[in-house]
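Structure assessment
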Amino acid sequence: MHPDFQRAGFLTAATSRAGTPPDAGFEVAFAGRSNAGKSSAINRICHQRGLARTSRTPGRTQQLVFFRLDDERRLVDLPGYGFAKVSLAVKAGWQALMEDYLRRRQCLQGLVVVMDIRHPLTDIDRHMLAWGRAAELPMLLLLTKADKLKRGAQQRQAAEVHRRLAELEAGQGQRAEVAVEVFSAENGLGVARVQARLGDWLGLAAR
């Protein structure tokens, strides 16, 4: 158990930048397709079952949801994208909210982009990566549901993601700090390594 993450608790939820906590301290945000296992990943990282809501109905997270680690540090669950059965106008609102948050939030230290290891780097995932690059954020691609694949297949998928990222960077003429981690909320694969990276972003190691 990692005590800093185990202490995580719900702080607030916001539907606009005006409703967010003061822009101070350290934050790490989680983004991902509605069926990529984002809530399950947050729960596993924080050693809790019900911290982030999980549902069989994709798209349930429709706000910026803030979880407090301590007075200075927060995790942020961004609205799930891709499969939510809502109007285009509502989806456009979520997109505007996320883009505004990623571009303007000064205390944001890093972005975790959650994607199913079996279906990585979809068009909308790449769009999220572009937002992260535009905001000059370090990013972590979390390849979830790795327990669905054997070890060899996990390694091949991770290598393919690295290859495609290199192609994207070459095509855009820029390099960004993007790490890749194979992860499973089911059996805990990758949890300690992810916690260590988040701890660096959140300044936990310096305490």
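Refer to the structure printed above.
These numbers were taken from a predicted model, which means no experiment stands behind them.

Here we look at the pairing of strand β3 (residues 64–68)
For β3, the buried fraction is high: 4 of the 5 residues fall into the buried class. The sheet contact formed by strand β1 (residues 9–14) and β3 spans 5 bridges and is antiparallel. Within β3, the position partnered with Thr 12 by the bridge is Phe 66. Here β3 pairs with strand β4 (residues 73–77) via 4 bridges, running antiparallel. Bridging across to β4, Phe 67 finds its partner in Leu 75. The turn joining β3 and β4, which pair antiparallel and follow one another in sequence, is formed by 4 residues.

Digging into the sheet that holds strand β6 (residues 139–144)
Sheet architecture is open: 7 strands sit in the order β1-β3-β4-β2-β5-β6-β7, paired in mixed fashion. Looking at the sheet topology across the chains shown, the edges are occupied by β1 and β7 (178–182). When the angles between neighbouring strand axes are averaged without regard to direction, this sheet yields 25°. Sheet strands touched by helix α2 (residues 38–45): β2 (26–32), β3, β4, β5 (108–116) and β6. Its angle to β2, the strand with the most contacts, is close to 145°. Against the sheet, helix α4 (residues 123–134) makes contact with β2, β5 and β6, and its axis sits at roughly 170° relative to β5, the strand it touches most.

Points about the packing of aromatic side chains
Tallied over the entire structure, the rule returns 1 aromatic pair. Consider the rings of Phe 66 and Tyr 101, whose centres lie 6.4 Å apart with planes at 80°: the pair is edge-to-face. With Phe 66 in strand β3 and Tyr 101 in helix α3 (residues 88–104), this residue pair connects regions lying 35 residues apart in the sequence. Since its relative accessible area comes to 0%, Phe 66 is described here as buried. The class for Tyr 101 is buried, based on a relative accessible area of 4%.

Digging into the pattern of salt bridges
For the coordinates displayed, the defined rule picks out 16 salt bridges. Taking the shortest distance from any N to any O, the salt bridge between Glu 27 and Arg 74 comes out at 2.6 Å. Residue Glu 27 is found in strand β2, and its partner Arg 74 is found in strand β4; the two are separated by 47 residues along the sequence. Per residue, the accessibility class of Glu 27 equals that of Arg 74, and both read buried. Across the salt bridge formed by Glu 160 and Arg 163, the nearest N and O atoms sit 2.5 Å from each other. With Glu 160 and Arg 163 both in helix α5 (residues 151–172), this residue pair falls 3 residues apart, about one helical turn. A residue is classified by how much of its surface remains accessible, and Arg 163, at 40% relative accessible area, is partly exposed. The network of salt bridges with common partners includes Asp 23, Glu 27, Arg 74 and Arg 105.

A word on the pairing of β5
A regular strand places its side chains on the two faces of the sheet in alternate fashion. Of all 9 residues in β5, 8 are buried; the element is thus mostly enclosed. Summarising the sheet, β2 and β5 pair through 6 bridges and their orientation is parallel. For Glu 27, the partnering residue across the bridge sits in β5 and is Leu 108. In this structure, β5 lies alongside β6, joined through 6 bridges in parallel fashion. Directly across from Val 114, in β6, lies its bridge partner Leu 142. Between the parallel pair β5 and β6, the chain is carried across by α4, and the sense of this crossover is right-handed.

Calculation rules
- Residues numbered from 1 in each chain as written.
- Predicted model: local features only at pLDDT ≥ 70, side-chain atom pairs only at ≥ 80, totals over all residues.
- Heavy atoms only, no water.
- Buried < 20%, exposed > 50% of the residue type's maximum accessible area, 1.4 Å probe, protein only.
- Helix = DSSP H or I, 4+ residues; strand = E, 2+ residues; numbered from the N terminus.
- Pairing = 2+ DSSP bridges.
- Axes fitted to C-alpha atoms, helices over the stretch in contact; angles between N-to-C directions.
- Contact = heavy atoms within 4.5 Å.
- Phe/Tyr/Trp six-rings, centres within 6.5 Å; stacked < 30°, edge-to-face > 60°.
- Salt bridge = Lys/Arg side-chain N within 4 Å of Asp/Glu carboxyl O.
- Right-handed = clockwise from strand over helix to strand, strands pointing away.

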